[in-house]
Amino acid sequence: MSAEAADRVAIVASGRPSTPLQTSWFEFLLDSSLLETHLQKANPDPLPVQLIVQFLEQASKPSLNEQNQVQPPADNCRNRTLKLLALKVAAHMKWDLEVLEKGLTIPVLNMLLNELLCVSKVPPGVKHVDLDLSTLPPTTAMAVIIYNRWAIRTIVLSSFPEKQTKPGPHQMNILNIVQQEKEMTDNILAVLKEQATDSISVLEGALCLKKDFYIHTLRTLDLLAADAAANGETEASTAGLCISTEELHCQVHYDLGGIFFQRGCTDQPSFMKAKEHFRQTVELLKKLDSAVHVHLDEKRLAGYWNACKALTGDCDPSDSQTSPYDQINSLIRARNYKAVIEAFIKDNVTRSLPNHFRRSVLREFLYNVQQGETGLDEFCHKLCVCNAVRDALEGEVHSVRFQQLLLRPSRRMVDFILEVATRSLEKDRTSETARRNMAGFMKTLGESFEDLSMVFVVSSHKLFVELLREEERNVLVEQMKKRSATINLSTKPLPSFYDIPASPTVNIGQLEQQLILSLDPRKIRQILIELHGMAERPFWKVNSKWEVPPDYINVILSIKDNLTKDLVYILMAKGLHCISIKDFVHARQLFSACLELVTEFSPKLRQVMLNEMLLLEVRAHETMAAEGSKERPPPDLVSRVRGYLEMRIHDLPLRQVVGEECVAFMLNWRENDYLTLQVPPSLVMNNPYIKVGQLLASTCKELPGPKESRRTAKELWEVVVQICSVSMQHKRNNDGRVGLIKHRDSSLGILPRSKFITFIKKLREPLVLTTLTSLFVRLHSIVRDDIVNEVTAEHLSIWPSTLPNIQAVDVEAVAVTVKELVSYALTLNPNNQSWLITQADIYFVTNQYSAALNFYLQAGAVSSDFFTKAVPPDVYTDQVLKRMIKCCSMMNCHTQVAVLCQFLREVDYMTAFKALQEQNSHDAMDSFYDYIWDVTILEYLTYIHQKRGEAEKRQIAIKAIGQSELNTSNPEEVLQLAAQKRKKRFLQAMAKLYF
């Protein structure tokens, strides 16, 4: 007894009330009449679309042979019946693509419609565009039309944005299924887009036919099943559901309009074609009394129609039938901007235009202004006002642009705002809610102005008086008067941020605002003098984002003179901010002024500023190098860096980052002799960055000779292993046994791992990064202890192959570090083939096969001028090729596996043949046959397709094997040229798929 049957018995035996059981898919196999009964129910469970999925899923399940090998679905009575049941369900739904597309995924619907083509006896191996629909039986022609309608509709629907479903952390199986389905969908879409022109031609041909069509019903499908030898001329051809010519043409015009509209984005004349098809759709809809078999979204049709008229410029504003959209677009094209404003004001009353459309009009004109079009500023301001009043009426929040407009108001603009507000309220028809919202708008308007003259304009307006009660008006006016008492009441705009005000009416707040925004040291000093004359308080606290390093804070705050303290603090904070945003010009000006100031009274602060100016110059030079400059640093800068590293001044606050960046600077500019021979030993002992820098420089300097460099490399290895190790403690468990406890936050190295990573990300020199990558890859391989799936890199032989205390190494930290290091290196040079192979290996050993294949292909591309030359054998080694083969196999791209098997030094026929036996392949299958040059594999392909009865694919394989350049009697040079040509083309095709 099956599990499902057992459940049924249990429920019946228990006598418990329960919801009706869902009918299982296999029950429809056992009872041929059950399907029709089930579909007639008001609320069938499962739903029709769910039944289609279940039937096709069961019919396409692979089987296992006696050797436990996966075989393609068998072509037996059970599977044929299941496919027929799926078609019957679709027939019951009257082949409504609108419903089918919502309930079925693209791969399932593709399978369903291909099965429809098969049972409708569409000639196999013939392109649909080459068929003459007028000579085909009605149901056969209709099957071709339905398939090609679905093809162009799918292309259109796939262009719409779609929110991706994100599986949770415990849904990795779901994630894999979703990924597989996405890849299948992408492959199907690629084919549909390639054949889109043919599908359009087929449907345009259908519009030329002036006869009724017939579509399969449950009865005709039963007739076809009963008469397996039918060739389309049986009763089944004319016994289906009759679709009138007008209904079919209406639906086809709608679908063609959709595809041409989508193409209009890149091909402007397509909008005219789309418009014509939509016009025909509208006319046919009017003619049809009851469009029973026309399934289209009339709202979307209206939207398409309006958009086409707007895009093709076929609108007459005076036409009473013209929609508001058309009127606005016509006025914009005619540059009648005054009329556009009038239309927007009237729409504030009628509210026929949606807000998003009004905002899009404003955005379009603002974009034109940004592109340099003149004379539109005032028009944009007025549009903004119209939209703001509309927002106010509907209780929406005012836009940022309108609020910015209120910051610098003119009398003319205020008058216009009041005019629009007045005209937007109809006395008789305006709702109480709209009036309350408008009262709030008027109140906000009055509160927004600092100029009392503008306040009086608003408060004396009749709309203000009408909407607000007298006590509200009085309170508001008094509040505005008090708030304006400390503000300059002139109608001139506020002074610019860089102007030092001489007027006593400028208050402290305005000066502080200028202080925050100024980058001119003299202006900053002058502002501070004025502020200290107005109030005695610490002005370095004005902006909470002004920060100086904690190492310096005590020295600066110990300055006795408050003005000097503020000035030093603010100049340094602003200079550091400028460095962080790479504004080195202003940073130099601010630091120079600060240095000049502190030189007068503090030798300690003078040295601090000299150190910060050194860091500024180092970062400025490194930034230029990162942007592509090849210019070496001036000798003076190198000398200053050396001086800093050797500096010994008692009681001087030093920032560790300065030393860190100086060491990175020396490594990046290959000052290895200094780091290895000239740096004082005491510095190496006391500064961890210098220690790491010296070991890196020594290892890189001696790298060409592995044996000689192993001693230095071993020392660097030990330092890095210590950095990645954690402290261990013995602790007795409850059962008396002693166990080990790791403390991840207790590093044993000369540097914490996080600081070491930060230091690494300041390095740019390729050999240094290659050395570090090699070290971490070897360490990663040892702690993972997985010989089969090892990551590869250059110079692995110089590192030790074992670890004495492997338990102390933080495995997770090593894995994270190697990933961060390789990713960072590739941001500096994405064309380094060694790093690309290492990145690919990292993805491979973590089972991220698509990403791994992407990087393997990138490595091949950069080493062969995008596969225009042969990929060097030291890049595509047998190990790399086998990993590429496994990547393709794990993604079910079995034809790609077979092609790649030829790339090996000795062709792997066993893997190739096993891959070609797979029928559930997610690649383009026979389109890859042109890339196969091994005759044995091609002969096996012809055998496989012959055995499966796949005549069309067999012909493709025979055509490939029949090419003269693959003749085994050819000279070896000819065969090698043929192989190289196919290798290049295949790798270029793979790059297009995975890049």
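Residues numbered from 1 in each chain as written. Predicted model: local features only at pLDDT ≥ 70, side-chain atom pairs only at ≥ 80, totals over all residues. Heavy atoms only, no water.

Under an unreviewed UniProt entry, the chain has the name Integrator complex subunit 8 and belongs to Cynoglossus semilaevis.

1. Focus: the overall build of the chain
Secondary structure summary: the chain contains 47 helices and 6 strands in total. Residues classed as buried in the chain amount to 46% of the 995 residues present. Excluding contacts between residues fewer than 6 apart, the proportion of contacts in the chain whose partners are at least 24 apart in sequence is 66%. Of the accessible surface of the chain, which amounts to about 51,800 Å², a share of 52% is contributed by carbon and sulfur atoms. (Helix = DSSP H or I, 4+ residues; strand = E, 2+ residues; numbered from the N terminus. Buried < 20%, exposed > 50% of the residue type's maximum accessible area, 1.4 Å probe, protein only. Contact = heavy atoms within 4.5 Å. Areas by Shrake-Rupley, 256 points an atom, 1.4 Å probe, with all protein chains shown as cover.)

2. Remarks on empty space enclosed by the protein
This structure, assessed with the given rule, holds 4 cavities of 30 Å³ or more. One number sums up the size of the largest cavity: a volume of about 150 Å³. As for the largest cavity, its lining consists of 15 residues, and the residues nearest its centre are K94, M142, R149, H293 and H295. Mapped onto the lining of the largest cavity, the elements with two or more residues apiece are helix 8 (138-158), strand 4 (241-243) and helix 12 (245-263). In terms of residue class, the lining of the largest cavity is built from 8 nonpolar, 3 polar and 4 charged. (1 Å grid on protein atoms, 1.4 Å probe; cavity = no way out; pocket = protein on both sides within 12 Å on 5 of 7 lines; lining within 4 Å. Points joined across faces, edges and corners; volume = space filled by probe spheres on them. Nonpolar A, V, L, I, M, F, W, Y, C, P; charged D, E, K, R; others polar.)

3. Looking at the packing of helix 12 against helix 14 (residues 298-312)
Helix 14 packs onto helix 12 with a crossing angle of 45° between their chain directions and a minimal axis gap of 11 Å. By the angle class used here, helix 12 and helix 14 are oblique. Where helix 12 crosses over helix 14, the two elements pack in a sense that is left-handed. Facing Y254, G258 and F261 of helix 12, the residues of helix 14 in contact are R300, L301, Y304, A307, C308 and L311. Taken together, the residues of the contact of helix 12 with helix 14 sort by class into 7 nonpolar, 1 polar and 1 charged. (Axes fitted to C-alpha atoms, helices over the stretch in contact; angles between N-to-C directions. Parallel < 35°, antiparallel > 145°, perpendicular 65-115°, else oblique. Left-handed = near helix turned anticlockwise from the far one by under 90°.)

4. Overview of the pattern of salt bridges
If you walk through the whole model with that rule in mind, you get 36 salt bridges. Note that E419 is salt-bridged to R423, the shortest N-O span being 3.4 Å. Separated by 4 residues within a single helix, E419 and R423 lie in helix 20 (residues 411-423), roughly one turn from each other. For R423, a relative accessible area of 32% corresponds to the partly exposed category. In this structure, K981 and E965 form a salt bridge, with 3.1 Å as the shortest nitrogen-oxygen distance. Of this pair, K981 sits in helix 47 (residues 972-994) while E965 sits in the loop between helix 46 (951-961) and helix 47, and the two are 16 residues apart along the sequence. Overlapping salt bridges bring together E98, E101, R149, R153 and D255 as one network. (Salt bridge = Lys/Arg side-chain N within 4 Å of Asp/Glu carboxyl O.)

5. Re the side chain of N611
Note that N611 resides in helix 30 (residues 603-626). With residues near it in sequence (within four places) discarded, N611 still touches Y644, M647, L652, L654 and V658.

6. Thoughts on the environment of P107
Here P107 is to be found in helix 7 (residues 106-119). On the basis of relative accessible area, P107 is assigned to the buried category, the value being 9%. In the structure, P107 is positioned 76 residues away from E183 in sequence and 10.0 Å away in space, judged by C-alpha atoms.

7. Regarding the environment of T139
Within the secondary structure, T139 is located in helix 8. Classification of T139 as buried rests on a relative accessible area of 4%. Residues T139 and F213, 74 residues apart in the sequence, show an inter-C-alpha distance of 7.0 Å.

8. As for the packing of helix 30 against helix 31 (residues 635-646)
As a packed pair, helix 30 and helix 31 sit with axes 11 Å apart at the nearest point and diverge in direction by 130°. What the angle tells us is that helix 30 and helix 31 run oblique. Note on packing geometry: the crossing formed by helix 30 with helix 31 is left-handed. Taking contact as the criterion, the partners of L610, N611, M613, L614, E617, V618 and H621 in helix 30 are, on helix 31, L637, R640, V641 and Y644. Looking at the contact of helix 30 with helix 31 residue by residue, the class counts come to 7 nonpolar, 2 polar and 2 charged.

9. Focus: helix 22 (residues 452-459)
Count 3.6 residues to each turn of an α-helix, and residues three or four apart come out pointing the same way. Helix 22 sits mainly inside the fold: 6 of its 8 residues count as buried. Considered for burial, the residues of helix 22 that qualify are L452, M454, V455, V457, V458 and S459.

10. Structural notes on the nonpolar core
Counting 166 residues, the largest nonpolar core has L645 and Y876 as its most contacted members. When near neighbours in sequence (up to four residues on either side) are disregarded, L645 contacts G659, C662, V663, M666, Y674, L683 and I690. F28, F55, F213 and F278 belong to the second-largest nonpolar core, a separate cluster that totals 78 residues. (Core = buried A, V, L, I, M, F, W, Y, C linked by side-chain atoms within 4.5 Å.)

11. Quick word on the state of the cysteines
According to the stated counting rule, one finds 0 disulfides in the structure shown. In this structure C901 is not part of a disulfide, and its nearest cysteine sulfur, from C888, lies 9.6 Å away. Among the residues examined, C901 registers a relative accessible area of 0% and is labelled buried. (Disulfide = S-S within 2.5 Å.)

12. With respect to the environment of A813
Among the secondary structure elements, A813 is positioned in helix 39 (residues 811-828). Classification of A813 as buried rests on a relative accessible area of 8%. Here the alpha-carbon distance between A813 and S754, two residues 59 residues apart in the chain, equals 9.8 Å.

13. Observations concerning unusual backbone geometry
Positive phi outside glycine occurs at K582, with the angle close to 65°. Mapped onto the elements, K582 comes out in the loop between helix 28 (562-580) and helix 29 (584-599). K582 sits in the exposed class, given a relative accessible area of 53%. Unlike most non-glycine residues, D865 shows phi in positive territory, near 50°. As for its position among the elements, D865 is in the loop between helix 41 (849-862) and helix 42 (878-890).

14. Notes on helix 14
Taking 1.5 Å per residue, 15 residues should reach 21 Å; helix 14 reaches 21 Å between its end C-alpha atoms and fits that length. For helix 14, the full list of buried residues reads L301, Y304, N306, C308, K309 and A310. (Expected span 1.5 Å × (residues − 1).)

15. Observations concerning the packing of aromatic side chains
The description of two aromatic rings rests on the distance between their centres and on the angle between their planes. Evaluation of the coordinates by the stated rule reveals 25 aromatic pairs. Ring centres 4.6 Å apart and planes at 15° place the aromatic pair F278 and Y304 in the stacked group. A residue pair is termed long-range when its members are at least 10 positions apart, and F278 in helix 13 (residues 269-287) and Y304 in helix 14 qualify at 26 residues. The same class applies to F278 as to Y304, namely buried. Site record: aromatic cluster; members linked through ring pairs are Y254, F261, F271, F278 and Y304. One cation-aromatic arrangement involves R764 over W669; the distance from NZ or CZ to the ring centre is 5.3 Å. The side chain of K983 reaches across the aromatic face of F903, ending 5.4 Å from its centre. (Phe/Tyr/Trp six-rings, centres within 6.5 Å; stacked < 30°, edge-to-face > 60°. Lys NZ or Arg CZ within 6 Å of the ring centre and 35° of its normal.)

16. Structural notes on the confidence of the model for the chain
For the chain, mean pLDDT is 81; residues scoring 70 or higher make up 85% of the total. Predicted confidence for residues 1-18 stays below pLDDT 50, and this span has 12 contacts to residues more than four positions away or in other chains. (pLDDT = per-residue confidence, 0-100.)

17. With respect to the side chain of E765
Within the secondary structure layout, E765 lies in the loop between helix 37 (753-760) and helix 38 (766-784). E765 has contacts with L667, N668 and R670, leaving out every residue within four places of it along the chain.

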